Amino acid sequence: MTQGIVIKSTGSWYTVKTDDGAEIDCKVKGRFRLQGIRSTNPVSVGDRVHITVADDGAAFITRVDDRRNYIIRRASNLSKESHIIAANIDAAVLVVTVEHPRTNLVFIDRFLATAEAYNIPVYIAINKCDIYNEDEMELALGIQHLYRTIGYETHLISAHNGEGLDNLSQYITGKLTLFSGNSGVGKSSLINRLIPGLDLKTAALSAQHDTGMHTTTYSQMFPLPQGGYIIDTPGIKGFGTIDFDPATVAHYFPEIFSISHNCRFNNCTHRNELGCAVLQAIEEHRISQSRYASYLSIIDDSTDGKYRVG
Ligand SMILES: Nc1nc2c(ncn2[C@@H]2O[C@H](COP(=O)(O)OP(=O)(O)OP(=O)(O)O)[C@@H](O)[C@H]2O)c(=O)[nH]1
Ligand SMILES: [Mg+2]
Ligand SMILES: [Zn+2]
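In short, a report on the structure. Please read these numbers as outputs of a predicted model, since none were measured by experiment.

1. Some remarks on the site of ligand 1
(1) Moving on: Neighbouring ligand 1 are 23 residues, the closest being Asp130, Ser183, Lys187, Ser189 and Thr216.
(2) Moving on: Within the side chain of Asp130, a nitrogen or oxygen atom sits 2.7 Å from a nitrogen atom of ligand 1.
(3) Moving on: Coverage of ligand 1 by the protein chains reaches 91% of its 650 Å² of free accessible surface.
(4) Moving on: When its residues are assigned to classes, the shell around ligand 1 shows six nonpolar, 14 polar and three charged.

Written out as structure tokens, the structure is:
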């Protein structure tokens, strides 16, 4: 029996880098459940696994070790199944764009809340700042201000002209970092800059819809020249949340959570209760409307089971 780490996932095949350095393409035997999670992909990049190789050379993943953490989202519309984006990571870079394509704030907040559930640090990279007009740049700076105020590392960057890449490169040194975001925001372009010679496939946006073309179709881990690893992933459209208990969603919005200690009732859901400190903070612009709307959208997801495009 051999052990290793999953470095590539196509959905049906997984490449495992074994502890002695070999790379073996494996399948998963049967359809097994892990830790009670119903998932469309029982194994994800970053997983530590056990494999067995049959006499005919066919290799199978037979066991997945407990995960230290993972980023998970709802697999699709109305689905009760989840999709694990990556496991056992040290950090995530959420690549967003103000325009071309436009990243939705609800999408950002749902990703952040999901990462908060495991205390995974998120670096928000606002990419393509080389092409923004004055209004778009103002919006980008507004988003940077909002998330910095909450405590997230947030930076304006450009995969094209290199702005901000030194800072990003330092941040990911020595870590296993997931790169995630909508299709077309420039994840693969960034990784190409951070790992010279890699030459991942990238593609222009759809001229008609100004959205990405889903160019990257599988998740893969790459070593960084200065130490550490990056995981490139396929762009995702919506981020349906899953497995949130409505009563604890506020725990994953740091600025809402810290103010909630002043609510009159300690089971306050911050929707319409008397003496709610969160609602008052929103009125006084100490908590942003957009963050609060995202908070509510996760509660709705958890209670009615619907998937939102956010
Ligand atoms: N102007 C500008 N264009 C960029 C920048 N980064 C990426 N692009 C362009 O945006 C398009 C999409 O880039 P990709 O790297 O393929 O995007 P992706 O996030 O990997 O997309 P998926 O693989 O579909 O998820 C390409 O035409 C890139 O050249 C940037 O900083 N500035
Ligand atoms: Mg890509
Ligand atoms: Zn409250």
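2. Some words on the coordination of the magnesium ion (ligand 2)
(1) Moving on: Only Ser188 (OG) and Thr216 (OG1) from the protein reach the magnesium ion (ligand 2) as donors, at distances of 2.0 to 2.2 Å. Note that Ser188 is positioned in helix α4 (residues 187-194) and Thr216 in the loop between α4 and β12 (219-223), a separation of 28 residues in sequence. Here the two residues Ser188 and Thr216 agree in accessibility, since each one is buried.

3. Remarks on the packing of aromatic side chains
(1) Moving on: What the rule picks out here adds up to seven aromatic pairs.
(2) Moving on: When the ring of Phe111 is compared with that of Phe239, the centres are 5.6 Å apart and the planes differ by 65°; the resulting orientation is edge-to-face. Note that Phe111 is positioned in helix α1 (residues 105-116) and Phe239 in the loop between β13 (229-232) and α5 (254-260), a separation of 128 residues in sequence.
(3) Moving on: Ring centres of Phe253 and Tyr295 lie 5.9 Å apart, and the angle between their planes is 85°; on these two criteria the pair is classed as edge-to-face. Of this pair, Phe253 sits in the loop between β13 and α5 while Tyr295 is found in helix α7 (residues 289-304), placing the two residues 42 residues apart along the sequence. A single burial state applies to Phe253 and to Tyr295, both of which are buried.
(4) Moving on: Through a chain of ring-to-ring contacts, three or more aromatic side chains come together here, namely Phe107, Phe111 and Phe239.
(5) Moving on: The ring of Tyr218 has Lys8 lying over it, and the distance from NZ or CZ to the ring centre is 4.3 Å.
(6) Moving on: The side chain of Arg67 reaches across the aromatic face of Tyr70, ending 5.9 Å from its centre.

4. Section: the coordination of the zinc ion (ligand 3)
(1) Moving on: The zinc ion (ligand 3) binds to the protein through Cys263 (SG), Cys268 (SG), His270 (ND1) and Cys276 (SG); the donor distances cover 2.1 to 2.4 Å.
(2) Moving on: Coordination at the zinc ion (ligand 3) comes from four donor atoms whose angles at the metal span 104 to 116°, giving a geometry best classed as tetrahedral.
(3) Moving on: On the primary sequence, the residues serving as donors to the zinc ion (ligand 3) are separated as C-x4-C-x1-H-x5-C. With Cys263 in the loop between α5 and α6 (277-283) and Cys276 in the loop between α5 and α6, this residue pair connects regions lying 13 residues apart in the sequence.
(4) Moving on: A residue is classified by how much of its surface remains accessible, and Cys263, at 9% relative accessible area, is buried.
(5) Moving on: For Cys276, a relative accessible area of 6% gives the class buried.

5. Considerations on the pairing of strand β2 (residues 14-18)
(1) Moving on: Burial analysis of β2 places four of its five residues in the buried class, the great majority of the element.
(2) Moving on: In this sheet, β2 lies alongside strand β1 (residues 2-9) in antiparallel orientation, the contact comprising five bridges. Bridging across to β2, Gly4 finds its partner in Thr18.
(3) Moving on: Joining the antiparallel neighbours β1 and β2 is a turn of four residues, in which Gly11 adopts a positive phi near 105°.
(4) Moving on: Here β2 runs beside strand β3 (residues 23-28); their pairing, made up of four bridges, is antiparallel.

The rules behind the values
- Residues numbered from 1 in each chain as written.
- Chains lettered and ligands numbered in written order.
- Predicted model: local features only at pLDDT ≥ 70, side-chain atom pairs only at ≥ 80, totals over all residues.
- Heavy atoms only, no water.
- Near = heavy atom within 4 Å.
- Polar contact = N/O pair within 3.5 Å; in protein donor to acceptor, adjacent residues only side chain to side chain.
- Areas by Shrake-Rupley, 256 points an atom, 1.4 Å probe, with all protein chains shown as cover.
- Nonpolar A, V, L, I, M, F, W, Y, C, P; charged D, E, K, R; others polar.
- Donors = N, O, S within 2.8 Å, 3.2 Å for Na, K, Ca; no water.
- Helix = DSSP H or I, 4+ residues; strand = E, 2+ residues; numbered from the N terminus.
- Buried < 20%, exposed > 50% of the residue type's maximum accessible area, 1.4 Å probe, protein only.
- Phe/Tyr/Trp six-rings, centres within 6.5 Å; stacked < 30°, edge-to-face > 60°.
- Lys NZ or Arg CZ within 6 Å of the ring centre and 35° of its normal.
- Tetrahedral: all angles 85-135°; square planar, octahedral: opposite > 155°, others 65-115°.
- Pairing = 2+ DSSP bridges.

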